[in-house]
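Per-entry structural report
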Amino acid sequence: MACVGRNDPCPCGSGKKYKKCCLDADAQRLAVGAGERGASPPPIRMVTTDLDELSNSTLDLIKAGDWDRAEAACRELQKRYPDQVDWIWRLAVLHQARGNRSEAAQCYREAVEFMRSHQGFDEQSIAHMIQSAADMEAEPSAPPNDGPTSRLGNSGVSEGPPSVS
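Remember, it's a predicted structure, so these values are computed and weren't measured experimentally.

A few words on the side chain of Gln96. Mapped onto the elements of the fold, Gln96 is located in helix α4 (residues 86-98). Given a relative accessible area of 4%, Gln96 falls into the buried group. In this structure the side chain of Gln96 is engaged in a polar contact, spanning 2.7 Å, whose partner is the side chain of Tyr108.

Structure, rendered in structure tokens:
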């Protein structure tokens, strides 16, 4: 199994951060496996930060179709956490939900550049952003979708970026 950071997109494709999706289940599977071998794994402690809460609330606003408030939340992320990729990623997801594919692609590309210029981002996360940009550019004239949930459900759009902790 590839090493996935807790703030990386979950490999199951749910669109959530790994820590908010499969981390607990994976930890339990590891514990069961370790128990069978007679060893106990170290405990996993979940930590939620203000960054996580604001970033995740932005996604909730996007999913609810409250795009003006979601955009304001993206700008708040940018203001409060300019050294994190979350605000760029969330803005890309917002543009995608609104059907603004070329703007979404541009934001995904900006996220790639951000991730390449900051330490702590793995190649899998960067590749995910590159693919997201390519997906948006594949049909730049596509009409807006029926709402953010139709694109965010299992589309591979990640809930949260791999923040550097």
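The structure having been displayed, the exposition proceeds.
Between its first and last C-alpha, helix α5 (residues 101-117) extends 24 Å over 17 residues, near the 24 Å set by a 1.5 Å rise per residue. Those residues of α5 lying buried are Arg101, Ala104, Ala105, Cys107, Tyr108, Ala111, Val112, Phe114 and Met115.

Once that is clear, we can look at the side chain of Thr58. Inspection of the secondary structure puts Thr58 in helix α2 (residues 50-63). With relative accessibility at 0%, the residue Thr58 sits in the buried group. Polar contacts involving the side chain of Thr58 include one to the main-chain carbonyl oxygen of Leu54, which spans 2.8 Å. Ignoring sequence-local partners within four residues, the contact set of Thr58 consists of Ala70, Ala73, Cys74, Leu77 and Arg90.

By secondary structure assignment, the location of Tyr81 is in the loop between α3 (67-80) and α4. Under the relative-accessibility criterion, Tyr81 is labelled buried at 17%. Taking the C-alpha atoms as reference points, Tyr81 and Asp50, 31 residues apart in sequence, are found 10.0 Å from one another.

Further remarks concern the packing of α2 against α4. Running from amino to carboxyl end, α2 crosses α4 at an angle of 5 degrees, the nearest separation of the two axes being 10 Å. In this view, α2 runs roughly parallel relative to α4, as classed from their interaxial angle. Contacts between α2 and α4 pair Leu51, Ser55, Asn56, Thr58, Leu59 and Ile62 from the former with Asp86, Arg90, Val93, Leu94 and Ala97 from the latter. Looking at the contact of α2 with α4, its residues break down into 6 nonpolar, 3 polar and 2 charged.

Between two aromatic rings, the relevant description is the distance of the centres plus the angle of the planes. Within this structure, the stated rule accounts for 1 aromatic pair. Geometrically, the ring pair formed by Phe114 and Phe121 is edge-to-face, given 6.3 Å between the ring centres and 70 degrees between the ring planes. The class for Phe114 is buried, based on a relative accessible area of 10%. By relative accessible area, Phe121 is classed as buried at 11%.

Our next topic: the confidence of the model for the chain. Per-residue confidence for the chain gives a mean pLDDT of 78, with 70% of residues at or over 70. Note on residues 144-161: pLDDT under 50 across the span, and 60 contacts to partners over four residues away in sequence or across chains.

As a further point, take α2. The end-to-end C-alpha distance of α2, which contains 14 residues, comes to 20 Å, matching closely the 20 Å that a straight helix rising 1.5 Å per residue would cover. When α2 is considered as a whole, its buried residues turn out to be Leu51, Asp52, Leu54, Ser55, Asn56, Thr58, Leu59, Leu61 and Ile62. Gly65, located one to two residues past α2, shows a positive phi value of around 80 degrees.

Our focus in this paragraph is the nonpolar core. Counting 32 residues, the largest nonpolar core has Val85, Ile88, Tyr108 and Met129 as the members making the most contacts within it. Within the residue set of this core, elements represented by two or more residues are α2, α3, α4, α5 and α6 (123-138). Residues in contact with Met129, not counting those within four places in the same chain, are Trp89, Tyr108, Ala111, Val112 and Met115.

Definitions and cut-offs
Residues numbered from 1 in each chain as written. Predicted model: local features only at pLDDT ≥ 70, side-chain atom pairs only at ≥ 80, totals over all residues. Heavy atoms only, no water. Helix = DSSP H or I, 4+ residues; strand = E, 2+ residues; numbered from the N terminus. Buried < 20%, exposed > 50% of the residue type's maximum accessible area, 1.4 Å probe, protein only. Polar contact = N/O pair within 3.5 Å; in protein donor to acceptor, adjacent residues only side chain to side chain. Expected span 1.5 Å × (residues − 1). Contact = heavy atoms within 4.5 Å. Axes fitted to C-alpha atoms, helices over the stretch in contact; angles between N-to-C directions. Parallel < 35°, antiparallel > 145°, perpendicular 65-115°, else oblique. Nonpolar A, V, L, I, M, F, W, Y, C, P; charged D, E, K, R; others polar. Phe/Tyr/Trp six-rings, centres within 6.5 Å; stacked < 30°, edge-to-face > 60°. pLDDT = per-residue confidence, 0-100. Core = buried A, V, L, I, M, F, W, Y, C linked by side-chain atoms within 4.5 Å.

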